[in-house]
Amino acid sequence: MASSAGYIIASSCDDIIEDQHWLTSAYILFAVPYFVYDIYAMFMCYWYKLRVKGHEEASAAPQHMGSALTSYLRREFLMVLHHVVMVTVCFPVSVFWRQGKGDYFQGIMFMAELSTPSVCLGKILIQYKQQHTLLHKVNGALMLITFFICRVLLFPYLYYVYGRYASIPFHMVPLSVPWHCNLGAALLMAPQLYWFSLICRGALRLFTGSSRSRRPPPTTAAVKEGQMDGHALPQPANGYSMRSTDHCHSNKM
């Protein structure tokens, strides 16, 4: 939906600075409650996964809502921070501070969500233990490509487009735009680079045959030992693992 809205907005703007489209602000107002709900939904998924009867990780799980929340925030800090910034910073900047300028750039940023379906499908395949399938490998390659194009190359492309609009060489654009534009782009791009590095590591394991799906299943003793050590915790709700061995080849733009 975000990508469709972004395409409509970007394709309707001939002047990338002055042209406006009503869908820009309307979609932002629609998306803000989603980010708030998504934080809640990710936590509830994490909490109920800990409570599943017979779950192999139950003995290592926090037993109270407060401790579970603390554990969730530690594991999902970057994704939660991303959502909070989207609501508290990007929302007022996009709706009020822009004063109706730059709808084209807003539309292009919406189109970054083109990478999300492959990220979600990768998480689903892992949940159903389908890491060995051809679909998982094809989706992994698609995720790597779409994430790189839609989220990593996104910001250089925006600088390139503005350079053409203002007749400025590409390498001079950062020196020509206001400092807060550079700061905002850097802060938004940083987590994308981090998540892309996780995806690259996961893709390397997947295509070199060293993924966890090819390893023999752990013995009961090994599982219990992991529980005793307190290291057996659920995978992050968004599919990004902070551990290199648990990465799911994947999302809170």
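Everything numeric here is computed off the predicted structure, so don't read it as measured data.

## Description of the nonpolar core
Membership of the largest hydrophobic core comes to 48 residues, with the highest contact counts inside it found for Y104 and F147. Of all the secondary-structure elements, those providing two or more residues to this core are α1 (2-12), α2 (22-51), α3 (65-75), α4 (77-97), α5 (103-110), α7 (134-152), α8 (154-166) and α10 (179-207). Per-element accounting of this core gives the leading share, 12 residues, to α2.

## Quick word on the UniProt feature "transmembrane region" (unreviewed entry) in the protein
On the UniProt side, "transmembrane region" (unreviewed entry) is annotated at positions that read residues 27-48, 77-98, 104-126, 138-162 and 182-204 here. Along residues 77-98 the backbone is 95% helical and 0% strand, and the end-to-end C-alpha distance reaches 28 Å. Note that residues 104-126 is 78% helix and 0% strand, and that its end C-alpha atoms are spaced 36 Å apart.

## A few points about the packing of aromatic side chains
Per the counting criterion, the structure on display carries 11 aromatic pairs. On the numbers, 6.3 Å between centres and 50° between planes, the contact of Y37 with Y40 is tilted. A residue pair is termed a helical-turn pair when its members lie 3 or 4 positions apart in one helix, as Y37 and Y40 do in helix α2 at three residues. With 6.3 Å between their ring centres and 10° between their planes, F147 and F196 make a pair best called stacked. Of this pair, F147 sits in helix α7 while F196 is found in helix α10, placing the two residues 49 residues apart along the sequence. Across the pair, exposure class does not vary: F147 and F196 are buried alike. Put simply, the rings of Y27, F30 and F110 pair up and form one aromatic cluster.

The rules behind each value
- Residues numbered from 1 in each chain as written.
- Predicted model: local features only at pLDDT ≥ 70, side-chain atom pairs only at ≥ 80, totals over all residues.
- Heavy atoms only, no water.
- Core = buried A, V, L, I, M, F, W, Y, C linked by side-chain atoms within 4.5 Å.
- Buried < 20%, exposed > 50% of the residue type's maximum accessible area, 1.4 Å probe, protein only.
- Helix = DSSP H or I, 4+ residues; strand = E, 2+ residues; numbered from the N terminus.
- UniProt positions renumbered as here; feature names shortened; annotations may be inferred.
- Phe/Tyr/Trp six-rings, centres within 6.5 Å; stacked < 30°, edge-to-face > 60°.

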